[in-house]
Amino acid sequence: MSHRSESLFHTRISSLLDIYRLLPSRVISDMAGMRLALGSKEGFIRQILGWREFVRHVHESTDGFRKLPGGKTPTAKAPGDGGYGRWVVEPNVLGMGTYALAGLMTTKPYVSGPAYINRMSDYCTLCPFNPKTDCPFTSLYWAFLARHEAVLRTNPRLRMPMASLGKREASRRKQDQEVYKRVGETLRKGDKVTPQKLP
Ligand code: SF4
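Computed from a prediction, not measured in an experiment: that's the story for all the values here.

Moving on: the overall build of the chain. When you go through the chain residue by residue, the secondary structure sums to 9 helices and 0 strands. The helix and strand sequence of the chain, counted from the amino end, reads α-α-α-α-α-α-α-α-α. Relative to its full complement of 199 residues, the chain shows a buried share of 12%.

In structure tokens, the structure reads:
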């Protein structure tokens, strides 16, 4: 992710695939025939076959994410029923971020603290928060794990963070929940989260 580019390493063929003007099999066979580094080919084919097609099957088997395990219905508002709603909000927010499909789509919630965001982007260089000291994502990460501790405690892929959560001081856990509450209140008002607004 970079503030200098909207697409960066992403291709711009998603909309053509969404409306069936391009078929995944054609994209994959074209790519397989190109003279490119093996790692580049593998990464691209994995995105088309291993991610997009996988998400399409999850979409179909859940009736467009309406039938979730345990009969839960998603409450997040998708922006329309078009490509953006289908390909970003459903898999990334419901499936990965909030883990609303439980183990149907991913084996653990796709959540992180600021170190990962800092490693995967250049956003922190422009931010009034510092990823190593006062970034709210630290508290938001621990607050998420704490709120869902009962469900996540037995997930083998989260053994280490859940063990760290168990050792986190009570005062810090309390502050994590306060930051979570304040960030939510601020965003719901349509305001910006700034260092001055957090506890
Ligand atoms: S809020 Fe935290 S993770 Fe996000 S850009 Fe700022 S310092 Fe980085």
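To continue, consider the nonpolar core. Counting 7 residues, the largest nonpolar core is built from Cys135, Phe137, Tyr141, Trp142, Ala143, Leu145 and Val179. For this core, the element with the highest residue contribution is helix H6 (residues 136-147), accounting for 5 residues. Excluding anything up to four places from it in sequence, cysteine 135 contacts Pro114, Phe129 and Asn130. In this structure, Phe65, Leu94, Ala100 and Leu101 belong to the second largest nonpolar core, which totals 6 residues.

What follows is about H6. Across its 12 residues, H6 extends 16 Å between first and last C-alpha, which sits within 8% of the 16 Å expected from 1.5 Å per residue. Taken residue by residue, H6 has Pro136, Phe137, Thr138, Ser139, Tyr141, Trp142, Ala143 and Leu145 as its buried positions. Buried-residue contacts for H6 involve helix H5 (114-120), helix H7 (149-152), helix H8 (159-167) and helix H9 (170-188).

Now for the site of the ligand. Surrounding the ligand, one finds Pro114, Ile117, Asn118, Tyr123, Cys124, Cys127, Phe129, Pro131, Cys135 and Phe137. At 3 residues, H5 tops the list of elements feeding residues into the shell around the ligand. Grouping the constituent residues of the shell around the ligand by class yields 9 nonpolar, 1 polar and no charged.

Further remarks concern the packing of H6 against H9. The geometry of H6 relative to H9 is characterised by a closest axis approach of 8 Å and an angle of 105 degrees between their N-to-C directions. Between H6 and H9, the crossing angle belongs to the class labelled roughly perpendicular. In this structure, H6 uses Pro136, Ser139, Leu140, Trp142, Ala143 and Ala146 to contact H9, whose residues at the interface are Arg173, Gln175, Asp176, Gln177, Val179, Tyr180 and Val183. Here the contact of H6 with H9 is composed, by residue class, of 8 nonpolar, 3 polar and 2 charged.

Mapped onto the elements of the fold, valine 58 is located in helix H3 (residues 38-61). Valine 58 sits in the partly exposed class, given 19 other C-beta atoms within 10 Å. Taking the C-alpha atoms as reference points, valine 58 and proline 91, separated by 33 residues in sequence, lie 8.6 Å from one another. Contacts of valine 58, omitting those with residues within four sequence positions, involve Pro91, Gly95, Leu104 and Met105.

Moving on to the packing of helix H2 (residues 24-32) against H3. Two numbers describe how H2 lies on H3: the axes approach to 10 Å, and their chain directions differ by 170 degrees. Accordingly, the angle class assigned to the pair H2 and H3 is roughly antiparallel. Two packed elements cross with a definite hand, and for H2 against H3 that hand is left-handed. Where H2 approaches H3, its residues Pro24, Val27, Ile28, Met31 and Ala32 are matched on the opposing element by Lys41, Phe44, Ile45, Ile48, Leu49, Arg52 and Glu53. Taken together, the residues that form the contact of H2 with H3 break down as 9 nonpolar, no polar and 3 charged.

About the criteria used
Residues numbered from 1 in each chain as written. Predicted model: local features only at pLDDT ≥ 70, side-chain atom pairs only at ≥ 80, totals over all residues. Helix = DSSP H or I, 4+ residues; strand = E, 2+ residues; numbered from the N terminus. Buried ≥ 20, exposed ≤ 12 C-beta atoms within 10 Å, placed from the backbone. Core = buried A, V, L, I, M, F, W, Y, C linked by C-beta atoms within 7 Å. Contact = placed C-beta atoms within 7 Å. Expected span 1.5 Å × (residues − 1). Near = placed C-beta within 6 Å. Nonpolar A, V, L, I, M, F, W, Y, C, P; charged D, E, K, R; others polar. Axes fitted to C-alpha atoms, helices over the stretch in contact; angles between N-to-C directions. Parallel < 35°, antiparallel > 145°, perpendicular 65-115°, else oblique. Left-handed = near helix turned anticlockwise from the far one by under 90°.

Interpretation in functional terms is not warranted from these geometric data alone.
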